[in-house]
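Structural features, examined
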Amino acid sequence: AKQGNEIQDASILFIIVLLFIIFRAVLAPIVTLVPAGLVLALSGSLIGGLGSAGVLKVSFFTQILLIVLILGAGTDYGLFLVFRVREHLLAGSDPKEAVASAVSRVGESITASGATVIVALLTLLAASFGLYHDLGLPLAIAIAVMLAAGLTLLPALLAILGRVVFWPTKTLPRDSAD
């Protein structure tokens, strides 16, 4: 568990630094990672509970891969959506309208990406080597939860927080900023 926490902490720190560089904003990296953090806690508990109940076999490797996959997928889905929201804000949309437009434009891509990862993980169920076989279902469940959070929680946070997510960069329409 200690090694899993170290990997999680190092991964989160690395991703936050990278997102600060990419977004050049204070809250955007944090808002992008909030759904992934919540999903990590929720899916870890869910998968752990299913493991304790004997429904799933859960190994140490499952925990490590869970951290990496959730943070990776959450960041990926977040980047798609947050950049599109910022584009719409720069084009003159109000924050709620920008989020709705962004979800309608990239929601399908995010869903296809998540579905592809879920199907790929489920193919591990066909593996004859027990370790690989046992990774498929828990990780697929976690990605499904991350996909749901990426399409619901992240857009809600972006709509509620509006332009402040991108501070100190400007998100006013380009025409009025000149």
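This text follows the structure it describes.
In this report, the structure presented in the accompanying data block is examined.

So, how was this worked out
- Residues numbered from 1 in each chain as written.
- Predicted model: local features only at pLDDT ≥ 70, side-chain atom pairs only at ≥ 80, totals over all residues.
- Heavy atoms only, no water.
- Axes fitted to C-alpha atoms, helices over the stretch in contact; angles between N-to-C directions.
- Helix = DSSP H or I, 4+ residues; strand = E, 2+ residues; numbered from the N terminus.
- Parallel < 35°, antiparallel > 145°, perpendicular 65-115°, else oblique.
- Left-handed = near helix turned anticlockwise from the far one by under 90°.
- Contact = heavy atoms within 4.5 Å.
- Core = buried A, V, L, I, M, F, W, Y, C linked by side-chain atoms within 4.5 Å.
- Buried < 20%, exposed > 50% of the residue type's maximum accessible area, 1.4 Å probe, protein only.
- Polar contact = N/O pair within 3.5 Å; in protein donor to acceptor, adjacent residues only side chain to side chain.
- Phe/Tyr/Trp six-rings, centres within 6.5 Å; stacked < 30°, edge-to-face > 60°.

**Digging into the packing of helix α3 (residues 60-90) against helix α4 (residues 95-122)**
Remark: α3 packs on α4, axes separated minimally by 8 Å, with the N-to-C direction vectors making an angle of 155 degrees. When the interaxial angle is binned, α3 and α4 end up roughly antiparallel. Crossing angle aside, the handedness with which α3 passes α4 is right-handed. Two secondary-structure elements touch here, α3 through Leu69, Asp76, Tyr77, Phe80, Leu81, Arg84, Val85, His88 and Leu89 and α4 through Pro95, Ala98, Val99, Ser101, Ala102, Val103, Arg105, Val106, Ile110, Ser113, Gly114 and Leu121.

**Focus: unusual backbone geometry**
Apart from glycine, the bulk of residues carry a negative phi angle, and the bulk of peptide bonds sit in the trans form. Omega for the bond connecting Trp167 with Pro168 falls within 30 degrees of zero, at 10 degrees, which places this linkage in the cis form. Examined against the element boundaries, Pro168 turns out to sit in the loop between α5 (130-161) and α6 (174-177). The backbone phi angle of Arg24 is positive, close to 55 degrees, even though this residue is not glycine. Mapped onto the elements of the fold, Arg24 is located in the loop between α1 (2-23) and α2 (28-52).

**Comments concerning the nonpolar core**
Counting 42 residues, the largest nonpolar core has Ile70, Leu81, Val85, Met146 and Leu158 as its most contacted members. Secondary-structure elements contributing two or more residues to this core are α1, α2, α3, α4 and α5. Considering each element in turn, this core owes the most residues, 11 residues, to α5. Discounting chain neighbours no more than four positions away, the residues touching Leu81 are Ala102, Val103, Val106, Ile110, Gly150, Leu154, Pro155 and Leu158.

**Some details on the side chain of Thr32**
Relative to the assigned elements, Thr32 resides in helix α2. Reaching out from Thr32, the side chain makes a polar contact with the backbone oxygen of Ala28 at a distance of 2.6 Å.

**Focus on the packing of aromatic side chains**
This model, assessed by the stated rule, comprises 2 aromatic pairs. Plain terms: the ring middles of Phe23 and Phe83 are 5.2 Å apart, the flat faces sit at 35 degrees to each other, and that makes the pair tilted. A residue pair is termed long-range when its members are at least 10 positions apart, and Phe23 in helix α1 and Phe83 in helix α3 qualify at 60 residues. Of the residues examined, Phe83 reaches a relative accessible area of 30% and is grouped as partly exposed.

**Section: the environment of Glu87**
Here Glu87 lies in helix α3. With 57 residues separating them in the primary sequence, Glu87 and Ala144 have C-alpha atoms 27 Å apart.

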